[in-house]
Amino acid sequence: MEYRKIKDEDKDAAPLTDDVESSGGKPLSARLVNMEASERSRWMRKTSVTFALTLLTSSQAILIVWSKRAGKYEYSVTTANFMVETLKCALSLLALIRIWRNEGVTEDTRLSTTFDEVSVYPIPAALYLVKNLLQYYIFAYVDAPGYQILKNLNIISTGVLYRIILKKKLREIQWAAFILLCAGCTTAQLNSNSDRVLQTPFQGWIMAIVMALLSGFAGVYTEAIMKKRPSRNINVQNFWLYVFGMAFNAVAILFQDFDAVMNKGFFHGYSFITVLMILNHALSGIAVSMVMKYADNIVKVYSTSVAMLLTAVVSVFLFGFHLSLAFFLGSTVVSVSVYLHSVGKLQR
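As the structure is a computational prediction, the values presented were derived from the model and not from experiment.

**Describing the side chain of Q135**
Part 1 of the argument: In this fold, Q135 is placed in helix α5 (residues 122–137).
Part 2 of the argument: Engagement of the side chain of Q135 in a polar contact is seen with the side chain of Y147, the distance being 2.9 Å.

**Section: the UniProt feature "transmembrane region" (unreviewed entry) in the protein**
Part 1 of the argument: The feature "transmembrane region" (unreviewed entry), as given by UniProt, occupies residues 49–67, 79–100, 173–190, 202–226, 238–255, 267–289, 301–319 and 325–343 in the numbering adopted here.
Part 2 of the argument: With 95% helix and 0% strand, residues 49–67 has its two end C-alpha atoms placed 26 Å apart.
Part 3 of the argument: Between the first and last C-alpha atoms of residues 238–255 the distance is 26 Å; the span itself is 100% helix and 0% strand.

**Points about the packing of α5 against helix α9 (residues 202–228)**
Part 1 of the argument: α9 packs onto α5 with a crossing angle of 150 degrees between their chain directions and a minimal axis gap of 9 Å. In terms of orientation, α5 lies roughly antiparallel with respect to α9. When the axes of α5 and α9 are compared, the crossing they make is left-handed. Together, I123, P124, L127, Y128, V130, K131, L134, Q135 and Y137 of α5 and M207, V210, M211, L214, S215, F217, A218, G219, Y221, T222 and I225 of α9 make up the contact between the two elements.

**Description of the pattern of salt bridges**
Part 1 of the argument: Per the counting criterion, the structure on display carries three salt bridges.
Part 2 of the argument: Ionic pairing is found between E107 and R110, a salt bridge with its closest N-O pair at 3.6 Å.

**Brief notes about the confidence of the model for the protein**
Part 1 of the argument: Per-chain confidence: the protein averages 78 in pLDDT, with 78% of residues scoring 70 or above.
Part 2 of the argument: Within the protein, the element-level pLDDT minimum falls on helix α1 (residues 2–22), averaging 47, and the maximum on helix α3 (residues 77–103), averaging 92.
Part 3 of the argument: Residue range residues 1–7 is modelled with pLDDT below 50. Its contacts to residues more than four positions away, or to other chains, number zero contacts.
Part 4 of the argument: The model gives residues 13–24 a pLDDT under 50, and that stretch makes seven contacts with residues more than four places away or in other chains.

**Here's the deal with the packing of aromatic side chains**
Part 1 of the argument: Within this structure, the stated rule accounts for nine aromatic pairs.
Part 2 of the argument: With a centroid separation of 4.9 Å and an interplanar angle of 45 degrees, the aromatic rings of F139 and Y147 are classed as tilted.
Part 3 of the argument: Within the aromatic cluster, the residues linked to one another by ring pairs are Y73, Y75, F82, Y136, F266, F267 and Y270.

**Topic: the nonpolar core**
Part 1 of the argument: Y75, Y136, I138, F139, L153, C185 and M277 are the most contacted members of the largest nonpolar core, which totals 47 residues.
Part 2 of the argument: Listed in part, the 12 residues of the second largest apolar core include L111, I225, F239 and Y242.

**Regarding the environment of V343**
Part 1 of the argument: Tracing the chain through its elements places V343 in helix α14 (residues 325–346).
Part 2 of the argument: Relative accessible area serves as the criterion here: at 16%, V343 is assigned to the buried category.
Part 3 of the argument: Distance in space between the C-alpha atoms of V343 and Q174 is 8.2 Å, their sequence separation being 169 residues.

**Topic: the environment of V313**
Part 1 of the argument: Note that V313 resides in helix α13 (residues 297–319).
Part 2 of the argument: Residue class for V313 comes out partly exposed when judged on its relative accessible area of 40%.
Part 3 of the argument: On a C-alpha basis, the gap between V313 and L323 in space is 7.7 Å, while along the polypeptide they are 10 residues apart.

What counts and what doesn't
Residues numbered from 1 in each chain as written. Predicted model: local features only at pLDDT ≥ 70, side-chain atom pairs only at ≥ 80, totals over all residues. Heavy atoms only, no water. Helix = DSSP H or I, 4+ residues; strand = E, 2+ residues; numbered from the N terminus. Polar contact = N/O pair within 3.5 Å; in protein donor to acceptor, adjacent residues only side chain to side chain. UniProt positions renumbered as here; feature names shortened; annotations may be inferred. Axes fitted to C-alpha atoms, helices over the stretch in contact; angles between N-to-C directions. Parallel < 35°, antiparallel > 145°, perpendicular 65-115°, else oblique. Left-handed = near helix turned anticlockwise from the far one by under 90°. Contact = heavy atoms within 4.5 Å. Salt bridge = Lys/Arg side-chain N within 4 Å of Asp/Glu carboxyl O. pLDDT = per-residue confidence, 0-100. Phe/Tyr/Trp six-rings, centres within 6.5 Å; stacked < 30°, edge-to-face > 60°. Core = buried A, V, L, I, M, F, W, Y, C linked by side-chain atoms within 4.5 Å. Buried < 20%, exposed > 50% of the residue type's maximum accessible area, 1.4 Å probe, protein only.

This is the structure:
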């Protein structure tokens, strides 16, 4: 009797075991192994993207300064900008070709578009043109580590423009982060070895603020454009943005460096460092897109913070940069402010 009862219980339990083992068509242990493999793959991808963004961000300013010869650019900065936009356009097109081969051409991935859709791209393209050109000339007033610090001012301009243009409210913690950011940038620029209070002269600060405003407005405007049609593939949107970027840079070449290009050649003065700089600028935009897709905003924060320190350390060896206590404290405050601003965004 007891034996029959136990046997019946085994029969009742058997389907449950079968259900667990057959769920998803795989045994439970196999599914756990797959989940672990997936998590490991995701972690590896996130780590790779973070490392790539940190490396690209920290080397950006260094490569610009390093590309100079005897304190000036031997090459045309407008042609370098044109090559950056061309390379980004080509990378976007390659990404689209890959999508077309795997998924076919859809309404959201086709390049053909309407005048109304593309007519909004010239504005951010023109803003990025001016900002990118200023990026070269600002190094007449700041060093590479100082540039990495001042570049964070675009967080303030972006936040304020978000509030004005997109009507997005900022949390108190984000306003506090803005104040800390200003304090950190100022502290990092304190100069105890000179009659000047700040290392960066007035012209450098003006250029940094103008760049921050241009970058912030262009970024907010571009986001507003892309969110008008969220289903549209980002590579298509980037392609048209970069096409207008190429057009505006071509106009800049005609007005600024036409004679030099005609007499000396398009690639006159280019060196291996110049080519690396162009690759860096093009890949940085792709890396940020990958961070947004495969990682999160915190990754950008850590990358920015580590990039500031890496730029400073490398500049010590390459350019004889003096790593002062003021710079270290200022960069720490900037890192904290960027983190607080990111936390404020996540708490919305």
